[in-house]
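For reference, the chains in residue letters:
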Amino acid sequence: MHVYKQQITEAADFIRSRVSSIPEVALVLGSGSGGFVSQIDNAVRIPYSEVPNMRVSTVKGHDGSFIFGTIKGKPVMVMSGRLHMYEGYEPKEITFPIRIMQLLGVKVLVLTNAAGGVNTLYTEGCFMMLRDHINFTGRNPLIGPNDETLGTRFPDMSCVYDPELRAKARAIAEKQNIPLYEGVYMQFYGPSFETPAEIVMARTMGADAVGMSTVPEAIVARHAGMRVFALSTITNKAAGVSKNPLSHAEVIEVGQRVEAQFTNFLSDFIAGI
Ligand code: HPA
């Protein structure tokens, strides 16, 4: 067995020993999504630091635990806090938890993040579900020897974000009267925010939003054969779109301002999967 597969297996076995059943749906929460966590019923928390071979998040506003529980009765496995490439982690390290989910038997992955609005229609606090992405990191989590038991060498990426799940999301947003756009997310490596020139480039290349996460997780989840949905909270206009300088504090603050909308939308969405 490849070393990596062995490490994932150890981690998955550990988690199985701590929870009574494994949900089919998993959710990754980005910066400042603490409000959603309080909605999880019957929560069993497993800190990343206890999971064999797992790295821990170093970012303020990012917790670091798996939480197993239910949302409106629907069993779900939640990652409260994620790992980022800009923390210095390898793409394979940050997608390690997605591989754990794969071995546990998770079928649907819901990814969330905070992003900057490149599309000039987007205002602070609106939401965008991903129709597609541009991997602008120069890295790929599948580089290296391919373990065929985990997925194929050259996985198709022509439809990463599940159209049926997007249709469901559209219906819920309409019912809840939430501003939900659909667009292309471009991932930069970070941790510096983009320059105005880079945002012009991103727009020219077809991006509607920019951020520093999500793409490696989505790639690995598709390699693993999961259905994927991803949602960005547009916490700010991207560099140069507004005159204001960008800050992590603003990202967190706007995230908190729309927390109730985010939580209502996401809990109905998860319950309906
Ligand atoms: N750029 C990159 N990542 C982000 C941004 C941004 O403007 N806002 C929130 N995360």
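The coordinates are above.
About the thresholds
Going along each chain's sequence as written, the residues are numbered from 1 onward. Local features are withheld for residues below a pLDDT of 70 in this predicted model, meaning they are given only at 70 or higher, and side-chain atom pairs are given and counted only at 80 or more; totals for whole chains, interfaces and linings count all residues. Think of the side-chain values as coming from all heavy atoms in the structure, minus any hydrogens and water. Two kinds of site are reported from a 1 Å grid over the protein atoms alone, namely cavities, where a 1.4 Å probe fits but cannot get out, and pockets, open sets with protein on both sides within 12 Å along at least five of seven lines, and residues are called lining when an atom falls within 4 Å of a point. Grid points are joined across faces, edges and corners, and a volume is the space filled by probe spheres set on the points. Counting from the N terminus, the helices are the DSSP runs of H or I reaching at least four residues and the strands are the DSSP runs of E reaching at least two. Proximity criterion: a residue is near a molecule or strand once any of its heavy atoms comes within 4 Å of it. Pairing of N or O atoms within 3.5 Å defines a polar contact, subject to two protein rules: one partner must be a possible hydrogen donor and the other a possible acceptor, and residues neighboring in sequence count only if both atoms are side-chain atoms. Reported accessibility uses the Shrake-Rupley method at a 1.4 Å probe radius. Residues are deemed covered only where the shown protein chains occlude them. Here the criterion for a molecule occupying a pocket or cavity is that more than half of its atoms lie within 2 Å of the pocket grid points. When residue character is reported, Ala, Val, Leu, Ile, Met, Phe, Trp, Tyr, Cys and Pro are called nonpolar, Asp, Glu, Lys and Arg charged, and the others, Gly included, polar. Note on geometry: axes are C-alpha line fits, over the in-contact stretch for helices, and angles between N-to-C directions span 0 to 180 degrees. To sort the angles, those under 35 degrees are grouped as roughly parallel, those over 145 as roughly antiparallel, those from 65 to 115 as roughly perpendicular, and the leftovers as oblique. Crossing chirality is assigned from the near helix's rotation relative to the far helix, an anticlockwise turn below a right angle marking it left-handed and a clockwise turn marking it right-handed. Here, two residues are considered to be in contact whenever any of their heavy atoms come within 4.5 Å of each other. Any helix carries an expected span of 1.5 Å times its number of residues minus one. Buried, partly exposed and exposed residues are distinguished by accessible area as a fraction of the type maximum, computed with a 1.4 Å probe on protein chains only: under 20%, between the cut-offs, and over 50%, respectively. The arc in question is the one spanned by the directions pointing from the helix axis to the C-beta atoms. Whether two strands pair comes down to DSSP finding at least two bridges between them. Only one rule defines a salt bridge in this text: a Lys or Arg side-chain nitrogen within 4 Å of an Asp or Glu carboxyl oxygen.

Participant: Whenever I open this one, the layout of surface pockets confuses me. Can you help?
Facilitator: If a probe as big as a water molecule is rolled over the atoms, it shows which places are left empty. Of the pockets and cavities examined, the largest pocket occupies roughly 370 Å³. Where the lining of the largest pocket is concerned, the elements lending two or more residues are strand 5 (108-117), strand 8 (209-211), strand 9 (227-237) and helix 8 (248-257). Computed from the structure, the second largest pocket encloses a volume of approximately 190 Å³. Lining the second largest pocket we find 16 residues, and of these Tyr 4, Lys 92, Pro 145, Asn 146 and Asp 147 sit closest to its centre.

Participant: Got a minute to help me understand the site of the ligand in this structure?
Facilitator: Near the ligand the following residues occur: Ala 114, Ala 115, Gly 116, Phe 193, Glu 194, Val 210, Gly 211, Met 212, Thr 235, Asn 236, Leu 246 and Val 251. At a separation of 3.3 Å, a nitrogen atom of the ligand approaches a polar backbone atom of Ala 114. In this structure, a nitrogen atom belonging to the ligand sits 2.7 Å away from a side-chain N or O atom of Asn 236. Coverage of the ligand by the protein amounts to 95% of the 260 Å² it exposes when considered alone. When atoms are counted within 2 Å of each cavity's grid points, the one that captures over half of the ligand is the largest pocket. Looking at the shell around the ligand, the elements with two or more residues in it are strand 5, strand 8 and strand 9. Here the shell around the ligand is built from residues that sort into seven nonpolar, four polar and one charged.

Participant: Teacher, can you tell me more about empty space enclosed by the protein here?
Facilitator: Counted by the stated rule, this structure contains two cavities of 30 Å³ or more. The computed volume of the second largest cavity comes to approximately 40 Å³. Residue lining of the second largest cavity: Glu 124, Asn 236, Lys 237, Ser 242, Asn 244, Pro 245, Leu 246 and Glu 250, and that is the complete set. Split into classes, the residues belonging to the lining of the second largest cavity amount to two nonpolar, three polar and three charged.

Participant: Explain the packing of helix 1 (residues 3-18) against helix 4 (residues 96-104) here, please?
Facilitator: A pair of packed helices is characterised by two quantities: the angle between their axes and the separation of those axes. Two numbers describe how helix 1 lies on helix 4: the axes approach to 9 Å, and their chain directions differ by 65 degrees. Comparing the axis directions of helix 1 and helix 4 gives the class roughly perpendicular. Crossing geometry of helix 1 relative to helix 4 is assigned as right-handed. Across the interface between the two elements, Tyr 4, Lys 5, Gln 7, Ile 8, Thr 9, Ala 11, Ala 12, Ile 15 and Arg 16 of helix 1 pack against Phe 96, Arg 99, Ile 100, Leu 103 and Leu 104 of helix 4. Along the lines of polarity and charge, the residues of the contact of helix 1 with helix 4 split into nine nonpolar, two polar and three charged.

Participant: How should helix 5 (residues 163-176) be read in this particular structure?
Facilitator: Note: α-helices contain 3.6 residues per turn, so residues at a spacing of three or four share the same orientation. Here helix 5 contains 14 residues, and its C-alpha end-to-end distance of 20 Å stays within 8% of the 20 Å for a straight helix at 1.5 Å per residue. Turning to helix 5, its buried residues are Leu 165, Arg 166, Ala 169, Ile 172 and Ala 173. Buried residues in helix 5, looked at end-on, bunch into an arc of 125 degrees, giving them a common side. Exposed residues on helix 5 whose side chains face more than 90 degrees from its buried face are Glu 164, Glu 174 and Lys 175. Contacts made by the buried residues of helix 5 are with strand 5, strand 6 (127-135), strand 7 (180-187), strand 9 and helix 9 (259-271). Two or three places before Glu 164, at the start of helix 5, stands the capping residue Asp 162, its side-chain oxygen 3.1 Å from that residue's backbone nitrogen.

Participant: I'm lost on the pairing of strand 9 in this one. Help?
Facilitator: Summarising burial for strand 9: nine of the 11 residues are buried, a large majority. As judged from the 10 bridges shared by strand 5 and strand 9, these two strands associate in the parallel manner. Opposite Val 110, over in strand 9, you have Phe 229 as the bridge partner. Strand direction decides the pairing type here: strand 6 and strand 9, joined by three bridges, are antiparallel.

Participant: Could you clarify how one ought to interpret the pattern of salt bridges in this entry?
Facilitator: Opposite charge on two side chains permits them to pair, given that their charged atoms come into close proximity. With the rule as written, the count across this model stands at 11 salt bridges. We note a salt bridge from Arg 82 to Glu 217, for which the minimum N-O separation is 2.7 Å. Taken as a pair, Arg 82 in the loop between strand 4 (74-80) and helix 3 (91-94) and Glu 217 in helix 7 (residues 215-223) lie far apart in primary sequence, 135 residues in all. A relative accessible area of 2% means that Glu 217 is categorised as buried. Note that Asp 162 and Arg 227 form a salt bridge whose closest N and O atoms lie 3.2 Å from each other. Remark: Arg 227 occurs in strand 9 and Asp 162 occurs in the loop between strand 6 and helix 5; sequence separation between them is 65 residues. Among the residues examined, Arg 227 registers a relative accessible area of 29% and is labelled partly exposed.

Don't take any of this as a statement about function, it's just geometry.
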